[in-house]
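So the chains spell out like this:
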Amino acid sequence: KSAAQFPCAIYVEFFLFVCYRILMPAKVVNSVPILVADDDAQDTMLVQMAVQRASLGLRLSSVKDGEEAIDYLMGRAKFADRQTHPFPKMVLLDLKMPRLSGFDVLDFVRQQPGLKQLPIVIFSSSDDPKDIRRAYDSGANSYLCKPHSNGDLSALLKALEEYWCKFNHCPACR
């Protein structure tokens, strides 16, 4: 059943998320900074909850559109303080966002000398082969479709953390 059929389900899940955050302080000391660029606040919240639930060593920062993603990566405006907004080791990038799309962000990043080697993982609801091909042609490092269950989301994020943050070696960016 969709959230539209059960509008209070979103509020219940948010309430549980808040309670969980209060009762279960983060156990991870050495967390890897990851930028999540997604205009869907519910998707972002579900990712944050899955990271908490699986006790992953990821420190998520989020932005709601492509323009904010670029500002974050460049350390501009409200993202200038790198203590509060650390430079990410990886970007989880949605494609369909307002102001600038994920494709626009990807094109921008791949043209910047200090950013072009930053791992960018497309994290989209779209499984359209045209979107997948365009993302890889534009320099995406991986393309993941958003899973439909919380269990699958936790498993995907755990695999993502293990591969990109533990086993893979990336050059330093910025």
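Residue indices begin from 1 for each chain and proceed along its sequence in written order. The predicted nature of this model means local features are confined to residues of pLDDT at least 70 and side-chain atom pairs, given and counted, to a pLDDT of 80 or more, with totals for whole chains, interfaces and linings taken over all residues. Think of the side-chain values as coming from all heavy atoms in the structure, minus any hydrogens and water.

1. Points about the pairing of strand S1 (residues 32-37)
Point 1. With six of its six residues buried, S1 lies for the most part within the structure.
Point 2. Two elements, S1 and strand S2 (residues 58-63), share six bridges in a ladder whose sense is parallel. Each residue of the ladder has a partner; that of Ala 37, found in S2, is Val 63.
Point 3. Between S1 and its parallel partner S2, the chain crosses via helix H2 (residues 41-53), and the hand of that crossover is right-handed.
Point 4. Both S1 and strand S3 (residues 90-93) contribute to a ladder of four bridges, which runs parallel. Bridging from a neighbouring strand, Ile 34 pairs with Met 90 of S3. Relative accessible area decides the class of each residue, using a 1.4 Å probe on protein chains only: under 20% of the type maximum gives buried, over 50% gives exposed, and in between gives partly exposed. Secondary structure elements follow DSSP: runs of H or I of four or more residues count as helices, runs of E of two or more count as strands, with numbering from the N terminus. Only when DSSP finds a minimum of two bridges between them are two strands counted as paired. With the strands pointing away from the viewer, any crossover whose connection runs clockwise from the first strand over the helix to the second is right-handed.

2. So, the nonpolar core
Point 1. Buried residues of nine kinds, namely Ala, Val, Leu, Ile, Met, Phe, Trp, Tyr and Cys, make up a nonpolar core once their side-chain atoms join them within 4.5 Å. Judged by nonpolar contacts, the single largest core of 24 residues is most densely connected at Val 63, Leu 73, Val 91, Leu 93, Ile 120 and Ile 122.
Point 2. Where this core is concerned, the elements lending two or more residues are S1, helix H3 (66-74), S3, helix H4 (102-111) and strand S4 (120-124).
Point 3. Those residues in contact with Val 91 that lie beyond four places of it in its chain are Leu 35, Leu 73, Leu 118, Pro 119, Ile 120 and Val 121.
Point 4. Counting residues in hydrophobic clusters, the runner-up holds 20 residues, among them Val 32, Leu 46, Val 47 and Val 121. Contacts are assigned to residue pairs that have any heavy atoms within 4.5 Å of one another.

3. Points about the side chain of His 85
Point 1. For His 85, the position within the fold is in the loop between H3 and S3.
Point 2. In this structure, His 85 is in contact with Tyr 72, Lys 78 and Phe 79, ignoring residues within four places of it in sequence.

4. Some details on the sheet that holds strand S5 (residues 142-145)
Point 1. Pairing in this open sheet of five strands is parallel, and the strands run S2-S1-S3-S4-S5 from one edge to the other. Lying at the two open borders of the sheet, with one neighbouring strand each, are S2 and S5. Looking at each pair of strands side by side, their axes are set apart by 25 degrees on average, direction ignored.
Point 2. Axis lines are fitted through C-alpha atoms, for helices just across the contact stretch, and the angle between N-to-C directions can take any value from 0 to 180 degrees. Against the sheet, H2 touches S1, S2 and S4, its axis set at about 175 degrees to S2.

5. Let's talk about the pattern of salt bridges
Point 1. A side-chain nitrogen of Lys or Arg and a carboxyl oxygen of Asp or Glu constitute a salt bridge if their distance falls within 4 Å. One pass over the full model with this rule turns up ten salt bridges.
Point 2. Across the pair Lys 146 and Asp 38 runs a salt bridge whose closest N-O atoms are separated by 2.6 Å. With Lys 146 in the loop between S5 and helix H6 (150-167) and Asp 38 in the loop between S1 and H2, the pair connects residues that are 108 residues apart, well separated along the chain.
Point 3. Judged by relative accessible area, Asp 38 falls into the buried class, the value being 5%.
Point 4. Residues Glu 67 and Arg 99 are paired through a salt bridge, measuring 3.3 Å at the closest nitrogen-oxygen approach. Of this pair, Glu 67 sits in helix H3 while Arg 99 is found in the loop between S3 and H4, placing the two residues 32 residues apart along the sequence.

6. Concerning unusual backbone geometry
Point 1. You will see that Ser 55, though not glycine, has its phi angle at about 50 degrees, which is positive.
Point 2. Within the secondary structure, Ser 55 is located in the loop between H2 and S2.

7. Quick look at H4
Point 1. Within H4, burial applies to Gly 102, Phe 103, Val 105, Leu 106, Val 109 and Arg 110. When H4 is viewed along its axis, its buried side chains cluster within an angular range of 160 degrees and face the same direction.
Point 2. The definition of a polar contact used here is a pair of N or O atoms within 3.5 Å, where within protein one atom must be able to donate a hydrogen and the other to accept one, and adjacent residues in sequence count solely through side-chain atom pairs. N-capping of H4 is provided by Ser 101, with a side-chain oxygen placed 3.2 Å from the backbone N of Phe 103. As used here, the arc is the angular range of directions from the helix axis to the C-beta atoms.

8. A look at the packing of aromatic side chains
Point 1. Classification of ring pairs rests on two measures: the distance between centres of Phe, Tyr or Trp rings, Trp counted by its six-membered ring, which must be within 6.5 Å, and the angle between planes, read as stacked under 30 degrees, edge-to-face over 60 and tilted in between. For the structure on display, the rule yields two aromatic pairs.
Point 2. When the ring of Tyr 72 is compared with that of Phe 79, the centres are 5.1 Å apart and the planes differ by 55 degrees; the resulting orientation is tilted. Accessibility assignment for this pair places Tyr 72 and Phe 79 in one class, buried.
Point 3. Ring geometry for Tyr 163 against Trp 164: centres 4.9 Å apart, planes inclined by 90 degrees, an arrangement best described as edge-to-face.
Point 4. The class of Trp 164 is buried, set by a relative accessible area of 12%.
Point 5. The cationic tip of Arg 82 hangs over the ring face of Tyr 72; the distance from NZ or CZ to the ring centre is 5.5 Å.
Point 6. Of note, Arg 134 hangs over the ring of Phe 103, and the distance from its end group to the ring centre comes to 3.9 Å. Whether a charge sits over a ring depends on NZ of Lys or CZ of Arg being within 6 Å of the ring centre and within 35 degrees of the ring normal.

Keep in mind these numbers describe shape, not what the thing actually does.
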